[in-house]
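The primary structure of each chain is shown beneath.
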Amino acid sequence: MSRYTKSVIAPRGITEDISANPVIAVDWPRADFRLATMELLAGLIATACPPADEDDWLDAWEAPHSPEKLDAAFAPLAHAFSFDGPGPRFMQDLADLDADEEPVENLLIEVAGNSGPLVHPGRTKRMGRPAAAISLYTLQSWSPSGGRGNRTGLRGGGPMVTMVAPGRHRSLWHHIWANVPLGRKPETADLPRVFPWLSPTITSVNDEVVTPDDVAHPLQVWWGMPRRIRLSFVQLPSPAPCDLTGALDSSVVTGWRQRPHGPKYVGWGARHPLTPTYQNKAGEEILSVHPNPGGVGYRNWIGLVLRSPDGLRRPAPIVSTWRNDRYRGTEEAKGARLIAGGYDTDNMKARGFMETEVPLVLASSKEVQERLDALATSLVRASERASYHLRKAVQQALYHPGAKVKATAHGIALLGDRVWLETESAFFSALDRAMSLKDTAPERAAWQVRLRGLALRIFDDTVPIDPLDRNNVRQVRARFFLGLGLSGYGKDGQSFFQILEIPLPAQEKKSKGKAS
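The sections below set out a description of the structure shown in this document. What you are looking at is a predicted structure, and each value in this text was computed from that prediction instead of being measured. (Residues numbered from 1 in each chain as written. Predicted model: local features only at pLDDT ≥ 70, side-chain atom pairs only at ≥ 80, totals over all residues. Heavy atoms only, no water.)

## Examining helix 10 (residues 412–421)
Then, in step 1: Taken together, the buried positions of helix 10 are I412, L415, G416, V419 and W420. Summarising the axial view, the buried residues of helix 10 lie within an arc of 145°, below the 170-degree limit, and thus occupy one face. Counted as exposed and oriented over 90 degrees from the buried face of helix 10: L414 and L421.
Then, in step 2: Structurally, helix 10 contributes buried residues whose contacts are with helix 9 (366–398), helix 11 (424–434) and helix 12 (441–462). (Buried < 20%, exposed > 50% of the residue type's maximum accessible area, 1.4 Å probe, protein only. Helix = DSSP H or I, 4+ residues; strand = E, 2+ residues; numbered from the N terminus. Arc of directions from axis to C-beta. Contact = heavy atoms within 4.5 Å.)

And the structure:
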C-alpha cells in the first residue's frame, strides 16, 4: 500500500506541514505538465517573494516560508491569475477575439500541426480548468512555430528547461526554492509589464518587438505570452470529468480562439534563469538551447552543466548559481541531480517530449570541483572525437571515396548515439572515483582504452569482415586506421590524446643507412 497521498492544493500549500508531512512533488498524468508546473511555481515565487541575496535565500532554505507568508506575498498578484470570468484572464489576450473556434485539444503542443500513429484527434473534447490552465501556460511558455503570424515562445520554440533537484531534501518547497534566482519584487505599477495579459497586447502586425527592460519588465521572462488566445468556457449543470485528468469541474474549456501577430520577443535569449544558451560565434545573438532527437545525457555536460572553453555554450543561470554559490552552504553536495527536459520541435511539429535526470557530481571544495570539471570536459570531448572517428571509419568502409552519403544511411548517425549511451554510466563512475583522486591521469588513460575498445566493437557489429573475402581491403583499412587513431598514432591520434591529456605512445625509431 502506498504511503503517499494525493491532493489538490493552492500554491501557498507547498509548505503546509513541511516538517511532518511535506508536499514532495507535482503529480500530473503528463510529463510536460509536471515540468511546466515546476517552472511556473519557480516563476511565481521569483516574482512574488524572491530572495534579495544568498543569505536571504539560505534563510528560507533552512526555515521555509509559512503558508501565511506565501499567501501574503501572492495576494498582490492574485488578480493576474484569474482564469475565467470578466476582466483580464491568465495567459489570455485582453480582447475578446473574433476568430474561428479551434478544438481544445489543439492547446496540447503535440497535437496542433502533427499527425501520425501517436496522435489521436478527438480524444480530448473538454478540459477542466486546471488542465486547461497548465495546457495554456505550457503552450505560451514553450510555444513552437504556429504558422504565419503566430509567434514562438519568448525563448524560441521548444526551449530546454533545466532545474536542480536537491539531494537530501525531498519537499516540493526545497525543489522549487533551489531554482529561484535572486531578485526584487515588482512595483504595483509595473505589473502590466510583468504580466502582459493585464494590458492591451503589444502586437507585431508591423513587426514591432518586445524587448526586456525598456518595453517589458525583466520578470516577464517567466510570463511571456506570444500567442493571442482566448479560451471558450462552458458552464455545466453539474460537474463533469476532464478528458485529460478525470477531475470533475462544472466549468470546462471546449475550444479557443486565436488571432495572429502576438508579441514578438527579441533580446531575451540570455535572460531565462532555467534555460541554457549558446552562440554560433562570439559576438552573435545569444540563443536558447533546444532539445535534439538524440536526447539528453552526459554528451550535453558542456553547455548544460559546464561553460564551454570558448564561452559559446553556457548553462542556465540557476545551474551556475547552484554550483557556485548554493550547494556547499546547504550540505547538498551528495545526491543533487539535474533535470533537463523540453519538446524536440521541427517548426510547427513536436517530434517528442524529452526529460532526463543526471547526477550533478558536486565536490565539497572548489579545488576538487575544478579538477572534476577539467576531467569531465576532457572525457566529453574525447567521446565526441571517438564518435566522429567511428562514423567516419564506417562510412569509409561501406562507401567508395567521394560518394555522397546521407547521415541516415546504414544508421551511421546512430552509431555516435551508441557511443554515448554505452559510456553514460562509466562517465559518472569516473567522476565519482576522481572525487578522491589528486591525479586524474589514471581515469583519463582508462577512458582512452574504453573508447577505443567500444569504437572497434561497434565497427565490427556494423561492418562484418569476412577474412576469406579478398575484396574487403577498404573495410580492413578503415578498421585499421580507426584503431590506430584511437591509440594515439597519426594526426587524429595526437589530437585525441591531447584532449585526454595523456602521453602519446612511444614512436619506433627509424634506422638510418642500409643494413649490413
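## Structural notes on the sheet that holds strand 8 (residues 313–314)
Then, in step 1: Spatial strand order, 7-6-8: 3 strands in an open sheet with antiparallel pairing. Looking along the sheet, the strands with just one partner apiece sit at the ends: strand 7 (287–288) and strand 8.
Then, in step 2: Where strand 6 (residues 277–278) and strand 7 come together, 2 bridges link them in antiparallel fashion. Along strand 7, the bridge assignment pairs Y278 with L287. (Pairing = 2+ DSSP bridges.)

## A short note on empty space enclosed by the protein
Then, in step 1: This model, assessed by the stated rule, comprises 1 cavity of 30 Å³ or more.
Then, in step 2: Roughly 50 Å³ of internal volume is contained in the largest cavity.
Then, in step 3: Around the largest cavity, the lining residues are M91, Q140, S141, L154, R155, V221, W222, W223, G224 and H272. (1 Å grid on protein atoms, 1.4 Å probe; cavity = no way out; pocket = protein on both sides within 12 Å on 5 of 7 lines; lining within 4 Å. Points joined across faces, edges and corners; volume = space filled by probe spheres on them.)

## Considering the side chain of Q220
Then, in step 1: Secondary-structure assignment places Q220 in the loop between helix 6 (191–194) and strand 4 (228–241).
Then, in step 2: Assessed through its relative accessible area of 4%, Q220 is described here as buried.
Then, in step 3: A distance of 2.7 Å separates a polar side-chain atom of Q220 from the backbone oxygen of R193.
Then, in step 4: Sequence-distant contacts of Q220, defined by excluding residues within four places in its chain, comprise L154, R193, V194, P196, V210, Y265 and W268. (Polar contact = N/O pair within 3.5 Å; in protein donor to acceptor, adjacent residues only side chain to side chain.)

## Here's the deal with the environment of L136
Then, in step 1: Residue placement: L136 occurs in helix 4 (residues 129–142).
Then, in step 2: Between the C-alpha atom of L136 and that of M91, which follows or precedes it by 45 residues, the distance is 7.0 Å.
Then, in step 3: Those residues in contact with L136 that sit more than four places away from it in its chain are F83, F90, M91, Q92, L107, I229 and L231.

## So, the packing of aromatic side chains
Then, in step 1: A complete count under the given rule lists 26 aromatic pairs for this structure.
Then, in step 2: Summarising the aromatic geometry, the rings of F90 and W197 are spaced 5.3 Å apart at their centres and angled 80° between planes, so their arrangement reads as edge-to-face. Of this pair, F90 sits in the loop between helix 3 (67–74) and strand 1 (101–103) while W197 is found in the loop between helix 6 and strand 4, placing the two residues 107 residues apart along the sequence.
Then, in step 3: Using a relative accessible area of 0% as the deciding quantity, one classes W197 as buried.
Then, in step 4: Here F480 and F481 contribute two aromatic rings whose centre-to-centre distance is 5.2 Å and whose plane-to-plane angle is 80°, an arrangement assigned as edge-to-face.
Then, in step 5: On the accessibility criterion, F481 (41% relative accessible area) is partly exposed.
Then, in step 6: Feature note: the residues F81, F90, Y137, F195, W197 and W223 constitute an aromatic cluster, connected by ring pairs. (Phe/Tyr/Trp six-rings, centres within 6.5 Å; stacked < 30°, edge-to-face > 60°.)

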